Amino acid sequence: MIARLEVRYRIVVAIALVVVVLPFVLDNPFHLRVATLVWIYGLAALGLNLLMGVAGQVSLGHAGFLAIGAYAAAVGPTHFGLPTWLAVIAGVALAAAVAFAVGRPILRLRGHYFAVATLGFGLLVSMVLTNETGYTGGPDGMAVPRLVVFGTSIRKTAQWYWIAGTVLVAGVWGVTNLIGSPSGRALRAIHDSEVAASVLGVDVARYKLVAFVLSAAMAAAAGAMLALFDGHVTPVAAGFLRSVEFVTMAVLGGLGSVLGSLVGAAILVVLPQALTVFADYEHVILGLLMMLFMIFLRHGIVPSIAQRFGWREL
Amino acid sequence: MSSFLQFLSAGLTMGAIYALVAIGFVLIYNASDVVNFAQGEFVMLGGMATVFAAKAGLPLPLAMAAAVAGTVATGLALYVFAVRPARGASAVSLIIITIGASIFLRGLASIGFDKNIHNLPEYVSADAITLGGASIRPQSLLVLAGTALIVGALFVFLRRSLTGKAVLATAANRDAAKLVGIDTDRTIALSFAVSGAIGAVGGLLITPIALTSYDVGAPLALKGFTAAVLGGLGHPVGAVAGGLLLGLLESLGAGYLSSQYKDAIAFVLLLATLIFMPNGLFGRGGTDRV
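What counts and how
Residues numbered from 1 in each chain as written. Chains lettered and ligands numbered in written order. Predicted model: local features only at pLDDT ≥ 70, side-chain atom pairs only at ≥ 80, totals over all residues. Helix = DSSP H or I, 4+ residues; strand = E, 2+ residues; numbered from the N terminus. Buried ≥ 20, exposed ≤ 12 C-beta atoms within 10 Å, placed from the backbone. Contact = placed C-beta atoms within 7 Å. Expected span 1.5 Å × (residues − 1). Nonpolar A, V, L, I, M, F, W, Y, C, P; charged D, E, K, R; others polar. Core = buried A, V, L, I, M, F, W, Y, C linked by C-beta atoms within 7 Å. pLDDT = per-residue confidence, 0-100. Axes fitted to C-alpha atoms, helices over the stretch in contact; angles between N-to-C directions. Parallel < 35°, antiparallel > 145°, perpendicular 65-115°, else oblique. Left-handed = near helix turned anticlockwise from the far one by under 90°.

1. Quick word on the overall build of chain B
Okay, step 1: Within chain B, the secondary structure is distributed over eleven helices and two strands.
Okay, step 2: Along chain B, helices (α) and strands (β) appear in the sequence α-α-α-α-β-β-α-α-α-α-α-α-α when read from the amino end.
Okay, step 3: When its C-alpha atoms are laid out on the principal axes, chain B stretches across 60 × 50 × 35 Å.
Okay, step 4: Each of the 290 residues in chain B was classed as buried or not, and the buried ones make up 52%.
Okay, step 5: Here the analysis covers contacts within chain B between residues at least 6 apart in sequence; of these, 75% occur between residues at least 24 apart.

Listed below in structure tokens is the structure:
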């Protein structure tokens with residue numbers, strides 16, 4: 001997939017450059033806000049792409065992990081008096097632990113059966129969040145106390161832009177390293193054929209679990225940032241449609257492609273904003289574009305374009 | 001006892017609709033390997049188109065026929081314009097296409113029809129039947145009878161007619177079917193059309209009980225897909241059993257345990273079922289080619 005080390009790291013550097021340069025190009029605070037959302041969702045899409053594109057497992061419940069991170073950032077400080085940073089770490093750890101516990105039995109399921117199991121998991125999370133009103137505020141959601149660093153409250157969009165951008169670049173770098181490592185090769189072997197991989201001595205169950213736990217932790221980190229950035233969380237964060245959005249980001253951008261995850265996230269974040277001018281026709285156009293992209297760029301946007309120009313796969 | 005019967009009838013009624021959606025999933029999946037998440041929109045179209053055709057002055061039976069015909073056309077269009085051009089794309093790419101189609105159809109319905117909740121009068125104007133202390137609406141019986149009829153007709157069609165056998169052959173092995181002279185492209189188109197018809201009939205049967213609006217499709221697709229997988233994806237009998245079981249679990253769970261967690265109860269049992277029977281209730285374990 002990615003043969004030369006340099007190419008891989010050139011993409012990391014390019015993404016980092018875009019993150020650094022973008023705020024100087026975007027003059028308008030609303031655009032900066034959208035860019036921040038792209039980096040946050042990009043992190044979640046990247047994690048899911050690790051699971052889907054590299055390990056070959058489709059999760060339809062990833063918003064559940066996002067919501068665990070988001071609600072940890074809200075519930076921890078509000079009900080348990082935890083400092084926000086500790087609550088965020090606890091949330092990410094909780095999501096990883098849940099993924100570990102849930103993953104062991106359900107990763108034995110294959111294909112659509114795994115997808116339905118994760119779908120059920122996502123619904124369970126959103127139901128708990130909706131019904132445990134005492135802790136979560138129920139369907140209306142709850143306010144998220146602001147992140148305070150050295151006595152200053154982090155609430156400006158520009159501040160969150162840099163936090164989200166930094167976390168994203170760190171995530172991109174980590175995933176790029178992982179894909180190039182022996183573990184990454186093992187994961188890709190599982191994607192191509194589980195049986196062949198296990199014959200070659202790859203511990204299939206263990207590697208899939210690692211990918212699942214990592215992707216859950218990344219989704220939770222994205223969720224925590226989203227909650228702190230927005231200042232409010234609702235159970236919609238865990239909804240099925242949100243999970244579908246993540247899957248769409250990964251597939252649209254390109255399965256197994258780091259850059260593709262970000263392109264997919266950018267499209268799904270920017271497009272609905274841009275389409276609001278079409279008012280009632282927004283969903284018609286969104287659905288139409290999703291179909292057209294997948295028909296004409298069936299391997300995802302980034303790999304399809306790279307292929308057409310004879311570039312090395314990104 | 002009376003409340004048990006009440007939950008039973010409510011669960012079976014809803015379960016019958018899940019079963020119809022699940023059968024639609026299975027038909028298309030078997031013929032083309034596509035998991036069609038727009039299946040729920042067929043149910044929505046069946047209900048909404050009937051409501052609006054009736055409003056436009058058509059007598060109810062004609063309105064129903066028009067709705068079913070419109071949905072069949074939608075199913076065919078979905079195959080011809082969205083699924084066929086993407087032939088050979090990966091399974092997830094095709095899923096994204098059908099999700100795109102479902103968003104598209106939902107958007108179209110919100111413009112072409114409207115965003116309000118609609119109802120249809122019950123088709124049989126009889127009093128509720130009292131049975132063992134439970135009151136059962138005649139419309140519920142109609143839903144069950146309609147589902148049984150559709151399932152029965154489908155089985156006769158698949159087992160007895162030449163076209164039906166071509167569908168089964170295509171499902172078993174597309175290349176082999178092609179080699180013996182079956183027009184697999186037409187067969188797949190047919191499976192989309194039949195799935196559309198089944199979904200639409202489900203929609204017009206359930207509307208007097210559960211109401212309809214432009215956005216009822218997505219949750220139904222979710223439940224129908226779950227039912228199809230629970231039964232062992234690709235297995236029509238499993239789809240019916242999965243649908244009825246899911247409806248029953250929801251209804252009994254809501255009645256006896258907690259109405260807030262009714263879906264949770266169903267899904268916990270689903271997870272448990274899959275963990276102990278990884279290929280669903282009726283599915284067989286497959287073997288892999290390496």
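2. Overview of helix α9 (residues 217-230) of chain B
Residues and elements named next belong to chain B.
Okay, step 1: Helix length check: α9 (14 residues) gives 20 Å between terminal C-alpha atoms against 20 Å at 1.5 Å per residue, within 8%.
Okay, step 2: Most of α9 sits inside the fold, with 13 of its 14 residues counted as buried.
Okay, step 3: G232 sits one or two positions beyond α9 and adopts a positive phi of about 100°.

3. With respect to unusual backbone geometry
All names here are of chain B.
Okay, step 1: Even without being a glycine, D33 presents a positive backbone phi close to 65°.
Okay, step 2: Turning to its location among the elements, D33 is positioned in the loop between α1 (2-32) and α2 (39-55).
Okay, step 3: Accessibility expressed as a C-beta count within 10 Å gives 13 for D33, which makes it partly exposed.
Okay, step 4: The backbone of L211 sits at a positive phi, close to 60°, despite the residue not being glycine.
Okay, step 5: Tracing the chain through its elements places L211 in the loop between α8 (184-210) and α9.
Okay, step 6: Residue L211 is classed as partly exposed on the basis of its 14 C-beta neighbours within 10 Å.

4. Thoughts on the interface of chain B and chain A
Okay, step 1: Taken together, the contact between chain B and chain A spans 35 residues of the former and 34 residues of the latter.
Okay, step 2: Put simply, the parts of the chain that give the side of chain B that touches chain A at least two residues each are α4 (91-112), α9 and α11 (262-276) of chain B.
Okay, step 3: Tallying contributions element by element places α4(B) first for the side of chain B that touches chain A, with 13 residues.
Okay, step 4: Within the side of chain B that touches chain A, the residues separate by chemical class into 27 nonpolar, five polar and three charged.

5. Notes on the nonpolar core
Residues and elements named next belong to chain A.
Okay, step 1: In terms of nonpolar packing, the biggest core is built from 209 residues, with A70, A220, A222 and A224 touching the most fellow members.
Okay, step 2: Ranked by residues supplied to this core, first place goes to helix α10 (residues 204-230) with 18 residues.
Okay, step 3: The contacts of A70, once residues within four sequence positions are left out, are G223, A224, L226, A227, V233 and A237.

6. Brief notes about helix α5 (residues 111-131) of chain A
Okay, step 1: Here α5(A) is 21 residues long and its end C-alpha atoms lie 31 Å apart, about the 30 Å a rise of 1.5 Å per residue gives.
Okay, step 2: Most of α5(A) is tucked away, with 18 of its 21 residues classed as buried.

7. As for the confidence of the model for chain B
All names here are of chain B.
Okay, step 1: Overall, the predicted model of chain B reaches an average pLDDT of 88, with 97% of residues at or above 70.
Okay, step 2: Ranking the helices and strands of chain B by mean pLDDT puts helix α3 (residues 60-83) first, with 95, and α11 last, with 77.
Okay, step 3: Scoring of the predicted complex yields 0.85 for pTM and 0.87 for ipTM.

8. Points about the environment of B:K55
All names here are of chain B.
Okay, step 1: With respect to the helices and strands, K55 occurs in helix α2.
Okay, step 2: A count of 11 C-beta atoms within 10 Å places K55 in the exposed class.
Okay, step 3: C-alpha of K55 to C-alpha of N30: the two residues are 25 residues apart in sequence and 37 Å apart in space.

9. Comments concerning the packing of α1(B) against α2(B)
Residues and elements named next belong to chain B.
Okay, step 1: Remark: α1 packs on α2, axes separated minimally by 9 Å, with the N-to-C direction vectors making an angle of 130°. In terms of orientation, α1 and α2 fall into the oblique class. Seen along the crossing, α1 lies across α2 with a hand that is right-handed. Side by side, α1 and α2 meet where V21, G24 and F25 of the first sit next to Q39, G40, F42 and V43 of the second.
Okay, step 2: In the contact of α1 with α2, the residues fall into four nonpolar, three polar and no charged.

10. Observations regarding the environment of B:N36
Residue and element names in this part refer to chain B.
Okay, step 1: Turning to its location among the elements, N36 is positioned in the loop between α1 and α2.
Okay, step 2: The class for N36 is buried, based on 33 C-beta atoms found within 10 Å.
Okay, step 3: Spatially, the C-alpha atoms of N36 and R159 are 24 Å apart, while their sequence positions differ by 123 residues.
Okay, step 4: Once residues within four sequence positions are removed from consideration, N36 is found in contact with F25, I28 and T98.

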